[in-house]
Amino acid sequence: MPTTPTTNRSSALLGDIAQRTGLSLRTVVRILNAGPLRDTRPSIVRRAEQVRALAEEMGYHPNAAACAVATGRFNAATLLMSTEEGRSRSSVELMRRLHEALNLHDMHLSVAWLPGENLLGETVLPKVLRKWMCDGLVINYTHHIPAAMVETIERHRLPSIWLNCTRKTDCVRPDDVKAGRLATRPLIERGCRRIVFLEVGA
């Protein structure tokens, strides 16, 4: 396979890192592509930290495909949303918070917009994990959730977290009751008794 300037530069950087650390090229590649260390011995940890710090200093970035092969993970989550009106709700704030939370774990976010009928096929959802190269789903279906989709996710045990809907497990949603108490307490303490809830843009 022909090489490119990018692959040549990466190979040269790896060679320089190996030379400066006194390790073999194979060891350097394994450290940079292996993800979190399983071996916690101090000497191993120090060696890996030295290699990664030097790689960052020299501007080397591990190949994402190689890391995925080595670890079996893509370090990504896919936000699953519907293109059909009234089934999914999103906002800039939601996207920002998801990105921030995933970034803390060195992960990134992709978005899959799918028509509802495409989710009903028995084989479609399991393939989403491979097609979007992700480790799990963040499901932003808040209304009119297709029963067949839920059944498929549960049957295949797809790693997933549901947003803003009521489920027994694996869901994140606002505590509207507590929020109501916190919002109205100052008004009640001031003697207000007729309190109106106004929702804009519903």
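Look up a bit, the structure's there.
Note that the coordinates shown come from a computational prediction; the quantities given were computed from them, not determined experimentally.

Novice: So what's going on with the packing of helix α2 (residues 25-33) against helix α3 (residues 42-58)? Which residues, and what values?
Specialist: Viewed as axis vectors pointing N to C, α2 and α3 meet at an angle of 85 degrees, and their least axial separation amounts to 10 Å. In terms of axis orientation, α2 runs roughly perpendicular to α3. Between α2 and α3, the contacting residues are T27, V28, I31 and L32 on the first element and R47, A48, V51, R52 and A55 on the second.

Novice: Tell me about the sheet that holds strand β4 (residues 160-163), residues and numbers included.
Specialist: Here five strands make up an open sheet; going across it, the order is β2-β1-β3-β4-β5 and the pairing parallel. In this open sheet, the two strands that pair with only one neighbour each are β2 (108-114) and β5 (171-172). Sheet analysis places β4 next to β5, joined by two bridges and oriented parallel. The partner of W162 across the bridge, within β5, is C171.

Novice: Give me the nonpolar core: which residues, what numbers.
Specialist: Among the nonpolar cores identified, the biggest contains 16 residues, and L80, L125, L137, I139, M149, I153 and W162 are the most heavily contacted of them. Listing elements by their share of this core, those giving two or more residues are β1 (76-82), β2, α6 (124-131), β3 (136-139) and α7 (147-155). Take this core: its biggest share by element is three residues, from α7. The contacts of I153, once residues within four sequence positions are left out, are L125, I139, L158, S160 and W162. In this structure, L14, L23, V28 and A55 belong to the second largest nonpolar core, which totals 14 residues.

Criteria and cut-off values
- Residues numbered from 1 in each chain as written.
- Predicted model: local features only at pLDDT ≥ 70, side-chain atom pairs only at ≥ 80, totals over all residues.
- Heavy atoms only, no water.
- Axes fitted to C-alpha atoms, helices over the stretch in contact; angles between N-to-C directions.
- Helix = DSSP H or I, 4+ residues; strand = E, 2+ residues; numbered from the N terminus.
- Parallel < 35°, antiparallel > 145°, perpendicular 65-115°, else oblique.
- Contact = heavy atoms within 4.5 Å.
- Pairing = 2+ DSSP bridges.
- Core = buried A, V, L, I, M, F, W, Y, C linked by side-chain atoms within 4.5 Å.
- Buried < 20%, exposed > 50% of the residue type's maximum accessible area, 1.4 Å probe, protein only.

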